[in-house]
Amino acid sequence: MAYLTPHSTSVPEPVRIGLVGSGWMGAFHAESIARRIPGAVLGAIADPNLDSAEALAASLGVEKITANAEDIMADPGIDAVVIASPARFHASLITQAAAAGKHVFCEKPAAQDLDQLDAALAAVQASGVHFQIGFNRRYAEDFLAAKQDVSAGTVGRPQLLRSLTRDPGNGSIPLAAKVPARTIFLETLIHDFDTLNWFNEGAEPVEVYAVADALIEPGLRDQGFLDTAVVTVRYSNGAIGVAEANFSALYGYDVRGEVFGSMGMVQAGRATETASRRYAAEGLAAETPRLNVELFRQAYTDELIDFSAVVRAHRDGVSPVASAFTVTPGAADARRALACALACIESVKQGGPVPVPGALTLQSLPTT
Ligand SMILES: NC(=O)c1ccc[n+]([C@@H]2O[C@H](COP(=O)([O-])OP(=O)(O)OC[C@H]3O[C@@H](n4cnc5c(N)ncnc54)[C@H](O)[C@@H]3O)[C@@H](O)[C@H]2O)c1
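Keep in mind that this is a model prediction, so the values were computed, not measured.

About the criteria used
- Residues numbered from 1 in each chain as written.
- Predicted model: local features only at pLDDT ≥ 70, side-chain atom pairs only at ≥ 80, totals over all residues.
- Axes fitted to C-alpha atoms, helices over the stretch in contact; angles between N-to-C directions.
- Helix = DSSP H or I, 4+ residues; strand = E, 2+ residues; numbered from the N terminus.
- Left-handed = near helix turned anticlockwise from the far one by under 90°.
- Contact = placed C-beta atoms within 7 Å.
- Nonpolar A, V, L, I, M, F, W, Y, C, P; charged D, E, K, R; others polar.
- Pairing = 2+ DSSP bridges.
- Near = placed C-beta within 6 Å.
- Domains from an automatic or database assignment.
- Buried ≥ 20, exposed ≤ 12 C-beta atoms within 10 Å, placed from the backbone.
- Arc of directions from axis to C-beta.

**Overview of the packing of helix 1 (residues 24–36) against helix 9 (residues 297–316)**
The geometry of a pair of packed helices is captured by two quantities: the angle between their axes and the separation between those axes.
Okay, so step 1: Contact pair helix 1 / helix 9: the axes reach a minimum separation of 10 Å and the direction vectors enclose 65°. When the axes of helix 1 and helix 9 are compared, the crossing they make is right-handed. Counted together, F28, H29, S32, I33 and R36 of helix 1 and Y300, T301 and L304 of helix 9 form the full contact between these two elements.
Okay, so step 2: Class assignment for the residues of the contact of helix 1 with helix 9 results in four nonpolar, three polar and one charged.

This is the structure:
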């Protein structure tokens, strides 16, 4: 049988994305853009480690690599950037991208202090580009379902919120002596702060009280290393959140969230990697997710599908499809979560509760 000629259809111009940082997270995002995101193209990769950029580009058929992110910013063929460099470069890369008119997806945290972040976000606002922060948990199906329930009023008025992260490990932390003490707040718990803030949307985090220690690596306690933390977060609507993190769960990557309210409770968190269960003489067993790219494979992909859809809508002058509830994490979310993380660092130093910078004061909390 001869081939049929399909009716001619207009294929939308792809969104061309440049990747900045080709390490662990950047490589996963690159693969998503190149293989899993319809209508997006990975146009270029920048990394001062050219070997890393080159290997990734070769594996995905990307033709442009550079050691300098400025080359991507100056490339008129690039619509948007995905920033996955170490956090200390994020604010200046956001600023450069915005000044060059590139839409920005930035891994968390968007900056390491609020002044840097405000300068970067001012550049974003001035240029009118779209900005999204990599709070991927919002895109995980179970977290989305919980958010939908909270938004629909199913659990009533939120009273207690919970979010936890237990990173996979083997009982010790590689290169722990080189990990800054603030990492647990700025790089790990920042996800949990966003989850709590998102679940309790409309309220502001007002005060945090962080208790943290080196329980996995007690030998590093004296130099201030922190691998375990519990944080209480008080909100302007009276709700109380708890976030906790630990860097070494022997059973895998464990991330959960919960909202308890006046009418009920919702929970999110996938305990097992698949629905498969193994029954044997010892009892019941199941595989658990080991890596972030296993647990959040779909969420990491969907956050970039969302990003590229909004970039396309911006470029083509059409309105993005509206959602029944907030999903896309933007500038205000990046700032709110960073403010919580920074306040935790201060709380550990002071050994007590501290206000979240830029938030309401405790006096303005409801008394009932
Ligand atoms: N959302 C998540 O769940 C998640 C998970 C892991 C990492 N991250 C975030 O992703 C970012 C990167 O983390 P990672 O684990 O991939 O780190 P990584 O060390 O594996 O990779 C960082 C890469 O950036 C490159 N780089 C350094 N300076 C650069 C610059 N100025 N411009 C461009 N590239 C530069 C490095 O050479 C390296 O290849 C961090 O902000 C981290 O917090 C997010």
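From this point on, the discussion continues.
**Examining the sheet that holds strand 3 (residues 64–66)**
Okay, so step 1: Spatially, 3-2-1-4-5-6 is the arrangement adopted by the six strands of the open sheet, whose pairing is parallel. Because the sheet does not close on itself, it has two edges, and the strands there are strand 3 and strand 6 (131–133). In this sheet, neighbouring strand axes are inclined to one another by 20° on average, regardless of whether the strands run parallel or antiparallel.
Okay, so step 2: Judged from the four bridges that link them, strand 1 (residues 15–20) and strand 4 (residues 80–83) form a sheet pairing that is parallel.

**A look at the site of the ligand**
Okay, so step 1: Taken together, 24 residues sit near the ligand, with G21, G23, M25, S85 and E107 positioned nearest.
Okay, so step 2: For the shell around the ligand, the class distribution of residues is ten nonpolar, ten polar and four charged.

**Some words on the domain arrangement of the protein chain**
Okay, so step 1: According to the domain assignment, the protein chain contains domain 1 (15–129) and domain 2 (137–298 + 329–360).
Okay, so step 2: Measuring from the centre of the C-alpha atoms in domain 1 to the corresponding centre in domain 2 gives 26 Å.
Okay, so step 3: Taken together, the contact between domain 1 and domain 2 spans twelve residues of the former and 13 residues of the latter.
Okay, so step 4: For the side of domain 1 that touches domain 2, the element with the most residues is helix 5 (residues 114–127), which contributes four residues.
Okay, so step 5: Partitioned by chemical class, the residues of the side of domain 1 that touches domain 2 number nine nonpolar, one polar and two charged.

**So, the sheet that holds strand 11 (residues 254–261)**
Okay, so step 1: In spatial order, the strands read 12-11-7-10-9-8-15; together these seven strands make up an open sheet with mixed pairing. Each edge of the sheet is formed by a strand with only one pairing partner; in this case those strands are strand 12 (264–268) and strand 15 (354–355).
Okay, so step 2: Across the sheet, helix 6 (residues 141–151) touches strand 7 (158–168), strand 11 and strand 12, and the angle it forms with strand 12 is around 160°.
Okay, so step 3: Its contacts with the sheet put helix 7 (residues 183–199) on strand 7, strand 8 (205–213), strand 9 (228–235), strand 10 (240–249) and strand 11, and the angle it makes with strand 7 is roughly 150°.

**Structural notes on helix 2 (residues 50–60)**
Okay, so step 1: Those residues of helix 2 lying buried are A53, L56 and A57. For helix 2, the buried positions fall inside an angular range of 100° around the axis, keeping them on one side. Every exposed residue of helix 2 that faces more than 90 degrees away from the buried side is listed here: D51, A58 and S59.
Okay, so step 2: Where helix 2 is buried, its residues touch helix 1, strand 2 (40–46) and strand 3.
Okay, so step 3: In the stretch just after helix 2, G61 is the one whose phi turns positive, near 70°.

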